[in-house]
Amino acid sequence: MEDCLAKKMEITVSEAEKRTGRNAMNIQETYTAYLIETRAVESQSEGQCAPVDSLWRRYSEFELLRNYLSVTYPHIVVPPLPEKRADFVWHKLSADNMDPDFVERRRIGLENFLLRVASHPVLCQDKIFYAFLTQEAGWKEMVNETGFQLKADSRLKALNATFRVKNPDKRFTELKHYSDELQSVISHLLRVRARVADRLYGVYKVHGNYGRVFSEWSAIEKEMGDGLQSAGHHMDVYAASIDDILEEEEHYADQLKEYLFYAEALRAVCRKHELMQYDLEMAAQDLTSKKQQCEELATGTVRTFSLKGMTSKLFGQETPEQREAKIKVLEEQIQEGEEQLKSKNLEGRDFVKSAWADIERFKEQKNHDLKEALISYAVMQISMCKKGIQVWTNAKECFSKM
C-alpha cells in the first residue's frame, strides 16, 4: 500500500455538467460529463503548491475502464461503479438519471470508484488507469488497442462452464453462494430502509401541521398565545429538518449499494475460475482421447465404438505407413497437449493463489466499511430520536409557561 497511487496523487471528481452532443449513430443525446481533477502529493509535502490537472469523462468511459480492468485482472475483485439509474428510491427522490440530486450522488460514487482503484495494490499500477486520469485525448484508442475485448469470455461459454465443470473448487462454490446471499440481504435491507425513510418523511412533515395549527390557535388566544406560537415554531423547525436528515441517510444507502454491486464483482471472479477449470478439464479430456487413439493405432485394437473403426471395417485397414504417420502426428499432439495441460495447471494454481489473496483483502475492507456505515447509521437514528425528544421537551416547556 505504500506505493499505491492514492498515496502519490490526490484524485477528485469535483463537478458534473449536463451536455448535449451526437453519439456514434449521429443521434443527438443529452449526457452528463464529470470533471476529474488530480494533483501530485509529493510537491505539496515539500511546501510547493502542485498544479491541478483536470479532464472530463462520461459515465460510459468509466464503464469502459472498469470492463478493461475486469478482463485484464480476472483474479481481482474489481471495485464496482455506482448505479447508472436510481434504484431503491422512496417517493420524494426522482428515478431520473438526470435529476441533480441523483447526479450529485453518482459523482460521489464515481470519485469513490477511482479512489478504490487508486488504493488497490495491483490496479493502481495499471498504465491504462493512469492514462484515464491524466490523458483526455486518445485514451479510448489506447484502451481498445490493448485488445482486452478479444479476451472477454462469452456468456454462452460461461454458462457451459457453470453446468459442465466436473470438479468445481469448493471454496469458489461457497464464495459464489455467499455473494448471492450478500446481495439478497443488502437488497432487502435497502428496501426496508426506503420504506422507513418514506414513513419518517411523513412523520416529520406531519409535525409541520402541528406548527400550523398551534400558530393559528395562538392568534385567538391572549394568555396562551405566546406559548402556542413558540411550540409551533419548534414543530416547524423539526419538520424542515427532515430534508437534511434524509440526504444524510441516502449517503449511507449508497455505501450499502456499493457492496450490493461488489457481490456481482465477487461472482465474476468465481465465473472466471469456473472457465479456467472448464478449459483445464476439456484439455485433459482431449489429451486422454488422443492417447487412447494412439494406443489403438499402435496395438490395432479398438476399445470403443468410433466412426473411424466402422470405416476401416467397411473399406479395409490402413497401410502400416499410414498408421505410422498418424501415430507420429498423434504423438506430437500428445506432447503438445501435455505441455498445454501443464501450463493450464500452473495458470490455475496462480489464479487461485492471487484470487484468494485479493478476496482476503476485500473481506477486510468489507468488514471495516460495513461496520463503519452501520455504526454511523445507528448514530444518525439515535440523533434523530434525540431531536424528536428535544422538540417535545421544548414544546412541554412552552405549554408549561402558558
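The coordinates are above.
Note that the structure is a prediction, hence the values are computed from the model and not measured.

Draft legend 1. Highlighting the packing of helix α10 (residues 225-240) against helix α13 (residues 320-400). It is at 8 Å that the axes of α10 and α13 come closest, and there the two elements cross at 170°. Considering the angle they form, α10 stands roughly antiparallel to α13. Taken together, the residues of α13 that come into contact with α10 (itself represented by Gly227, Leu228, Ser230, Ala231, His234, Met235 and Tyr238) are Met384, Lys387, Gly388, Val391, Trp392, Asn394, Ala395, Cys398 and Phe399.

Draft legend 2. View of the pattern of salt bridges. Inspection of every chain in the model, using the stated rule, returns 23 salt bridges. With its nearest N and O atoms 3.9 Å apart, the salt bridge here joins arginine 105 to glutamate 83. You can see arginine 105 sitting in helix α4 (residues 100-119) and its partner glutamate 83 sitting in the loop between α3 (59-72) and α4, a full 22 residues away along the chain. An identical accessibility class is assigned to arginine 105 and glutamate 83; each is buried. Its salt-bridge partner being glutamate 360, residue lysine 363 comes within 3.8 Å of it at the nearest N-O pair. In this pair, lysine 363 and glutamate 360 both sit in helix α13, three residues apart, roughly one turn of the helix. One connected set of salt bridges, linked through shared partners, spans Glu83, Arg105, Arg193, Glu249, Glu250, Asp254 and Lys257.

Draft legend 3. Focus on the packing of aromatic side chains. Tallied over the entire structure, the rule returns 14 aromatic pairs. Residues phenylalanine 132 and tryptophan 139 carry aromatic rings whose centres are separated by 5.0 Å and whose planes lie at 70° to one another, so their mutual orientation is edge-to-face. Judged on exposure class, the residue phenylalanine 132 and its partner tryptophan 139 are both buried. Looking at arginine 58, its charged tip hangs above the ring of tyrosine 31, at a distance of 3.8 Å from the centre.

Draft legend 4. Inspection of the packing of helix α9 (residues 170-218) against helix α11 (residues 242-299) at higher detail. For the pair α9 and α11, interaxial distance at closest approach is 9 Å and the crossing angle is 165°. The angle between α9 and α11 falls in the class roughly antiparallel. For the pair α9 and α11, the sense of crossing is left-handed.

Draft legend 5. Structural detail: the environment of isoleucine 108. Here isoleucine 108 is to be found in helix α4. Residue class for isoleucine 108 comes out partly exposed when judged on its relative accessible area of 38%. A sequence separation of 143 residues divides isoleucine 108 from histidine 251, and the C-alpha atoms of the two residues are 9.4 Å apart.

Draft legend 6. Focus on α11. Compared with the 86 Å implied by 1.5 Å per residue over 58 residues, the 85 Å span of α11 between its first and last C-alpha is a close match. Downstream of α11 by a residue or two, glycine 300 has a phi angle that is positive, lying close to 75°.

Draft legend 7. Spatial organisation of the nonpolar core. In this structure, Leu114 and Leu133 are the most contacted members of the largest nonpolar core, which totals 34 residues. Every element with two or more residues in this core is listed here: β1 (9-22), β2 (28-40), α3, α4, α5 (127-134) and α6 (139-145). Once residues within four sequence positions are removed from consideration, leucine 133 is found in contact with Leu5, Met9, Ile11, Ile36, Thr38, Leu55 and Leu114. Formed by 23 residues, the second largest nonpolar core is a distinct cluster that contains Val77, Leu256, Phe351 and Val352.

Draft legend 8. A look at the pairing of β2. In this structure, β1 lies alongside β2, joined through 13 bridges in antiparallel fashion. Each bridged residue has a counterpart across the sheet, and for arginine 22 the counterpart in β2 is glutamine 28. For β2 and strand β3 (residues 53-58), the ladder comprises six bridges, and the chain directions are antiparallel. Across the sheet, residue threonine 38 finds its bridge partner in β3, namely aspartate 53.

What counts, and where the lines are drawn
- Residues numbered from 1 in each chain as written.
- Predicted model: local features only at pLDDT ≥ 70, side-chain atom pairs only at ≥ 80, totals over all residues.
- Heavy atoms only, no water.
- Axes fitted to C-alpha atoms, helices over the stretch in contact; angles between N-to-C directions.
- Helix = DSSP H or I, 4+ residues; strand = E, 2+ residues; numbered from the N terminus.
- Parallel < 35°, antiparallel > 145°, perpendicular 65-115°, else oblique.
- Contact = heavy atoms within 4.5 Å.
- Salt bridge = Lys/Arg side-chain N within 4 Å of Asp/Glu carboxyl O.
- Buried < 20%, exposed > 50% of the residue type's maximum accessible area, 1.4 Å probe, protein only.
- Phe/Tyr/Trp six-rings, centres within 6.5 Å; stacked < 30°, edge-to-face > 60°.
- Lys NZ or Arg CZ within 6 Å of the ring centre and 35° of its normal.
- Left-handed = near helix turned anticlockwise from the far one by under 90°.
- Expected span 1.5 Å × (residues − 1).
- Core = buried A, V, L, I, M, F, W, Y, C linked by side-chain atoms within 4.5 Å.
- Pairing = 2+ DSSP bridges.

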